[in-house]
Amino acid sequence: MNSEPESIRVGKWVVIPKLNKIQLTASPNVYVVTPKVMALLTTLIEHRNSPLSVDELAQRVWPDRVVSDNSVYQAVAMLRKVLNEESDIDYIERISGQGYRLSTEIDVFNLDSNVVDKKTHAYLYVGAIFTLFLILLAIYVFGQKNQADSKSDPHFEAVSLAEHLTKSKLPERITKAKQIYTEVLEVSPEHAVAMSGLCNTHMALAIYGSLPESRVDALCRPLLFKALELDSNNADVLTSLARLETLSRKFDQAKVYFDQALSLSNESPMLWHWYGRFHREKNNLDKALDAHLKAFRLAPNNPTVLRGLAYTYLNRRDLKNARKYFERSVEIAPHVKHIALYQLDFYLLNKQRAKAYKAWYEKHMTEYSRVYPLHKLSHILFLLSTGNLEEAIQKSEEIQITRQNVTSFNLYVRAGLKWYQQDKQGAIDLLKQRYLLAPEDNHYAMPYIMGLYQTRQYSVAKQLFEKHFNSVSRLNRNVSEHVGVYLLYAMILKKVENRRKVQEIRALIAEHLNGPTKLDIRYQPFWYSLNEDPEQLTTSIFKLLDSGWLPDTNDNIFAVEMYSELIHEVALRDMWLNKLKSAQAALR
């Protein structure tokens, strides 16, 4: 407000903005609120004729920093707690789809500083002490009430044990918890906590046990809806419903449940985890990371929370942190049934991981793909990586891949199929189409650049590389974390005969390797090619195969050609390709 009055009458309250105080008229009761809560109230007063959205409130109350929606919800809840005391109306109305406003049923007008009862100042100190006493008393009474409620629940011991067993992440213990919750509901069919707990066991068994993910929704929804009817303010129930709607991609309904849950609690790690997953599914990666970090701070050793954080870092192309938190999750819960699948997201393919994935596929793929149909596309890439082109084509026809929506992943998989079918221009056209979906995204640019290189369009590849990887092209990027990108740039420059810059890159990498640092086995053949050392190149490229390496099509469609074309002797090249095909065939 431009000229803030000393005091404002809001219904039965007198508001003193400069002192952050709210006083009940004709009463010594004074509430001292935080500056942000007072800023929220004065903002609502200033705009009392129209509702303000959560985003608008965040911008006006916190103008100097970015805050989550939850900060607004908390401030509204704190303000309501004061204003709604001894009131038959809600002072702050929520208008669906529009935001918050002060109730139109209350009067608002400015007061001169002398209108407020002169006894106010005398009351302030006593009132503050009295208010503090009441708050402490309320906390004590509430705590006693919760203890009494727990003790009065005849199933308290059974439910608390079941909750503990579910947290163990061990299938046999979760199954025992499921049995306990079921027995409680047989005796007390309207026990809301047991309903929510039983749903949690279904969810846990889908992760750690043999229950298929596709059955969780049908098992949980009836329980959760009934529990919500019995207890509409149960944050755990709301979180579980938000989870189901997120996985069903019903994002509008999921948001409703999340908003309700967050208005009740902000201390639940699983609430923040699924709220992060919700934003990740919508590609709001900054909000997703913020939510997952909150979940992590609340539960740093929860494997589900850790995997959520790891995948968010992976989506942000931060592989170092992604692997860090994924490995932490595996250390805590090595028995997760989908671990062989998750490993393919965080590490490049090799024989050991390929065998583990095949075993997982035979056991779990049918049910898994019902909840996550996108994985059918990922499996096509795996088939290409293991040299099984015929089955990859068959799978693509089964899911009618060419008729699906034009998404980046769909285009990438189709490009891989085209390339392995020797339709090279068709593959490049699809990668260009994918690149044009997000022409400012480096992740979308890299496969297209490599495709241009493989089809000998070197000048265009150089131009695009320097646009998207400017710091590397200026040799200003840390070599240790980007050595593969530097090597690709040097290969492109070598083709356009920019020998001076090739030498500069060679010197940078040599300096990086001048010490205990060893070059990753995947990069050694390119390094020796750059140094024109054919003997070491041949040794390193066969050593790569001996290490169990396989071409990871999910990472690079062109890997086989990029390596094999380094070998100039035709006989040696054929020998390397045949050895690769034998390794791939052994996996089929």
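Residues numbered from 1 in each chain as written. Predicted model: local features only at pLDDT ≥ 70, side-chain atom pairs only at ≥ 80, totals over all residues. Heavy atoms only, no water.

Draft legend 1. Inspection of the nonpolar core at higher detail. Ranked by size, the top nonpolar core spans 70 residues in total, and within it Phe465, Ile509 and Trp576 carry the most contacts. Per element, the largest residue contribution to this core is 11 residues, and it comes from helix H24 (residues 479-495). Counting residues in each nonpolar core, the second largest holds 63 residues, with Leu198, Leu224, Leu241 and Phe251 among its members. (Core = buried A, V, L, I, M, F, W, Y, C linked by side-chain atoms within 4.5 Å. Buried < 20%, exposed > 50% of the residue type's maximum accessible area, 1.4 Å probe, protein only. Helix = DSSP H or I, 4+ residues; strand = E, 2+ residues; numbered from the N terminus.)

Draft legend 2. Representation of the pattern of salt bridges in the model. Within the structure shown, the criterion is met by 18 salt bridges. A salt bridge links Glu281 to Arg249; the nearest nitrogen and oxygen atoms lie 2.8 Å apart. Taken together, the residues span a long stretch of sequence, with Glu281 in helix H11 (residues 269-281) and Arg249 in the loop between helix H9 (235-247) and helix H10 (251-264) at a distance of 32 residues. Through salt bridges with shared partners, a single network forms among Arg94, Lys255 and Asp259. (Salt bridge = Lys/Arg side-chain N within 4 Å of Asp/Glu carboxyl O.)

Draft legend 3. A look at a positive patch on the surface. Taken together, the side chains of Lys424, Arg456, Lys494, Lys495 and Arg499 present a region of like positive charge at the surface. You can see Arg456 is positioned in the loop between helix H21 (442-454) and helix H22 (458-468). On the basis of relative accessible area, Arg456 is assigned to the exposed category, the value being 56%. (Patch = residues over 30% accessible without salt bridge, like charges linked within 9 Å, V, L, I, M, F, W, Y side chains within 5 Å. Areas by Shrake-Rupley, 256 points an atom, 1.4 Å probe, with all protein chains shown as cover. Lys, Arg positive; Asp, Glu negative; His and termini not counted. Charge placed at Lys NZ, Arg CZ, Asp CG, Glu CD.)

Draft legend 4. Focus on the environment of Phe296. Tracing the chain through its elements places Phe296 in helix H12 (residues 285-298). Judged by relative accessible area, which is 18%, Phe296 ranks as buried. Linking Phe296 and His273, residues 23 residues apart in sequence, is a C-alpha distance of 8.2 Å. Dropping the residues within four chain positions of it, Phe296 is found in contact with Val305, Leu306, Leu309, Tyr325 and Arg328. (Contact = heavy atoms within 4.5 Å.)

Draft legend 5. Fine view of unusual backbone geometry. You will see that Arg456, though not glycine, has its phi angle at about 65°, which is positive. Located in the positive-phi region is Glu532, a residue other than glycine, with phi close to 55°. With respect to the secondary-structure elements, Glu532 resides in the loop between helix H26 (524-530) and helix H27 (534-546). When its relative accessible area of 55% is taken as the criterion, Glu532 is described as exposed.

Draft legend 6. Spatial organisation of the packing of H12 against helix H13 (residues 303-315). Two numbers describe how H12 lies on H13: the axes approach to 9 Å, and their chain directions differ by 155°. In terms of orientation, H12 and H13 fall into the roughly antiparallel class. Viewed along their axes, H12 and H13 form a crossing whose handedness is left-handed. Here Leu285, Ala288, Leu289, His292, Leu293, Ala295 and Phe296 of H12 lie close against H13, whose contacting residues are Val305, Leu306, Gly308, Leu309, Thr312, Tyr313 and Asn315. Grouping the constituent residues of the contact of H12 with H13 by class yields 10 nonpolar, four polar and no charged. (Axes fitted to C-alpha atoms, helices over the stretch in contact; angles between N-to-C directions. Parallel < 35°, antiparallel > 145°, perpendicular 65-115°, else oblique. Left-handed = near helix turned anticlockwise from the far one by under 90°. Nonpolar A, V, L, I, M, F, W, Y, C, P; charged D, E, K, R; others polar.)

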